[in-house]
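The primary structure of each chain is shown beneath.
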Amino acid sequence: MALCGYPTNIQFVHSDNSQIDMVFDMGCRTLKIHDRWLDPGAVHYQSPCRPGMEYALTACGSFFCDHVIEELFAMVQGEMSRVSPSVMNHSRRNREIRLVRSKLRMMPRDVFVRAGSMPGTLRVSWQDRETESFLELHGSHAAYHVVLHEEKCAGVMAHHLHSDKVDIRITQAPCGCMQKFTPQNQKCVEFDRLDFHKKYFPMIAANELAAFFGQPTSPIHPARLPQPPLYTGWNGTTRNGSIWQVQNTMNPTFGGIVATSSGQAIYYDGRLPKRALPPLYPNDRRIA
């Protein structure tokens, strides 16, 4: 609604009259919508949108039916046309429908935060509704903007629309929290150097004006997430996902050396900032 400049006061009401889906109350400038639109089963009762929909309706998880939002928006356009016929025409209807459909396609879904590849890191991932064929051909041209907020910024959870496009070279949001950018075909970023005593939550949207934010997770401590499993190799090293951890034999309590798949070494210690070291192996002997 706000995306296209329509009234944003919305009220879902119960009515025994199933023929009326919505009405605009001019007195309080409120759009009143029949509450059956909150029930996916009622919306799909007469016309399921895809095979197997009856199973999807009984399962918890992703909301797949963006067409419900598009249908509601089309009815809003019809109601606005009835109230103000002079401002609504065929061209505007089509333009707004395409805009809403595009924003919904890029809206992050299933936002998930888990422990990253090293202590003190968080990996944020999500999904969208773009087709695989489009992502394969053009997924590198659009970008997502991810801000990992500290709990003190919890007020931004109520934000629904992204502001203007942000320069991808900027690594810090205006609030001081860390931010990263990633192509649409990746949908995963990792944040490091986090404070174990603070809670964090992600806010994700396409890096464009008025993009929809995904539903953020609750703030969490990096230290309270389960760490990825470690696998011990024949030579005594342990592997954690895409990295190898080699114990510091001189002083095991100080951490150790992490050799990444590219052959770079990083010394890690909870009390010291990470610093890169020279490659552990020559190019022809890097760890796979």
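All of these numbers come straight from a predicted model, not from anything done at the bench.

Parameters and conventions
For every chain, the first residue of the written sequence is number 1, and numbering continues from 1 along that sequence. Thresholds applied to this predicted model are a pLDDT of at least 70 for local features of residues and 80 or more for the giving and counting of side-chain atom pairs; totals over whole chains, interfaces and linings are not thresholded and use all residues. The side-chain values count all of the structure's non-hydrogen atoms but skip hydrogen atoms and water molecules. Under the scheme used here, helices are H or I runs from DSSP no shorter than 4 residues and strands are E runs no shorter than 2 residues, and both carry numbers assigned from the N terminus. We call two residues in contact when some of their heavy atoms are within 4.5 Å. Salt bridge, as applied in this entry: a Lys or Arg side-chain nitrogen positioned within 4 Å of an Asp or Glu carboxyl oxygen. Known as pLDDT, the predictor's per-residue confidence is scaled from 0 to 100. Note on terminology: a nonpolar core comprises buried Ala, Val, Leu, Ile, Met, Phe, Trp, Tyr and Cys residues joined through side-chain atoms within 4.5 Å. Type-normalised accessible area, obtained with a 1.4 Å probe on protein chains alone, sets the label of each residue: buried when under 20%, exposed when over 50%, and partly exposed for intermediate values. Strand pairing requires that DSSP identify at least two bridges connecting the strands. The convention used is that axes are lines fitted to C-alpha atoms, helices contributing only their stretch in contact, and that angles between N-to-C directions extend from 0 to 180 degrees.

## A few points about the overall build of the chain
Helix and strand counts for the chain stand at 5 helices and 15 strands. In the chain, the proportion of contacts linking residues at least 24 apart, taken out of those at least 6 apart, comes to 54%.

## Looking at the pattern of salt bridges
It is possible for side chains of opposite charge to pair when their charged atoms get near one another. Here the structure, examined in full by the defined rule, presents 12 salt bridges. A salt bridge links Arg-82 to Glu-79, with the shortest nitrogen-to-oxygen separation between them at 2.4 Å. Taken as a pair, Arg-82 and Glu-79 lie in helix H3 (residues 66-83) at a separation of 3 residues, close to a single helical turn. Linking Lys-198 and Glu-150 is a salt bridge whose minimum nitrogen-to-oxygen distance equals 3.4 Å. Of the two residues, Lys-198 is situated in the loop between strand S8 (188-191) and strand S9 (200-206) and Glu-150 in strand S6 (residues 143-150); the sequence distance between them amounts to 48 residues.

## Topic: the confidence of the model for the chain
Parts of the model with low pLDDT should not have their predicted coordinates read in detail. Looking at the chain, the pLDDT average stands at 78 and 73% of residues meet or exceed 70. Counting interchain partners and residues more than four positions distant, the pLDDT-below-50 stretch residues 241-288 has 81 contacts.

## A look at the nonpolar core
One recurring pattern in soluble globular proteins is that nonpolar side chains are buried together. Grouped together as the largest cluster of nonpolar side chains are 25 residues, with contacts concentrated most on Val-124, Trp-126, Leu-148, Phe-191 and Ile-204. Per-element tally for this core: the top contributor is S9, with 6 residues. In this structure Phe-191 touches Gly-120, Thr-121, Leu-122, Val-124, Val-146, Leu-148, Met-178, Gln-179 and Lys-180, once residues within four positions along its chain are discounted. By size, the runner-up hydrophobic cluster in this structure holds 22 residues, among which are Met-22, Leu-31, Val-76 and Met-107.

## Some thoughts on the sheet that holds strand S3 (residues 30-34)
Taken in spatial order, the 3 strands make up an open sheet running S1-S3-S2, and their pairing is mixed. Strands at the two margins of the open sheet, each flanked by one partner only, are strand S1 (10-13) and strand S2 (22-25). When strand polarity is set aside, the average angle formed by the axes of neighbouring strands in this sheet is 25 degrees. Here 4 bridges tie S2 to S3, and the two strands are oriented antiparallel to one another. Each bridged residue has a counterpart across the sheet, and for Asp-25 the counterpart in S3 is Thr-30. Along the sheet face, H3 touches S2 and S3 and points at about 45 degrees away from the line of S2.

## What to know about the sheet that holds strand S4 (residues 109-115)
Note on sheets: strands pair through backbone hydrogen bonds, and any given pair is parallel or antiparallel. The 3 strands are arranged S4-S5-S8 in an open sheet whose pairing can be described as antiparallel. In the strand order of this sheet, the two ends are held by S4 and S8, each with one partner. Neighbouring strand axes in the sheet, compared pairwise and without regard to direction, differ in orientation by 15 degrees on average.

## Considerations on the pairing of strand S5 (residues 122-127)
Judged from the 5 bridges that link them, S4 and S5 form a sheet pairing that is antiparallel. Each residue of the ladder has a partner; that of Arg-114, found in S5, is Arg-123. Taking the residues that link successive antiparallel strands as the turn, the S4-S5 hairpin has 6 residues, and the phi of Gly-120 there is positive, at about 80 degrees. Here 4 bridges tie S5 to S8, and the two strands are oriented antiparallel to one another. Note that in S8 the partner of Arg-123 across the bridge is Glu-190.

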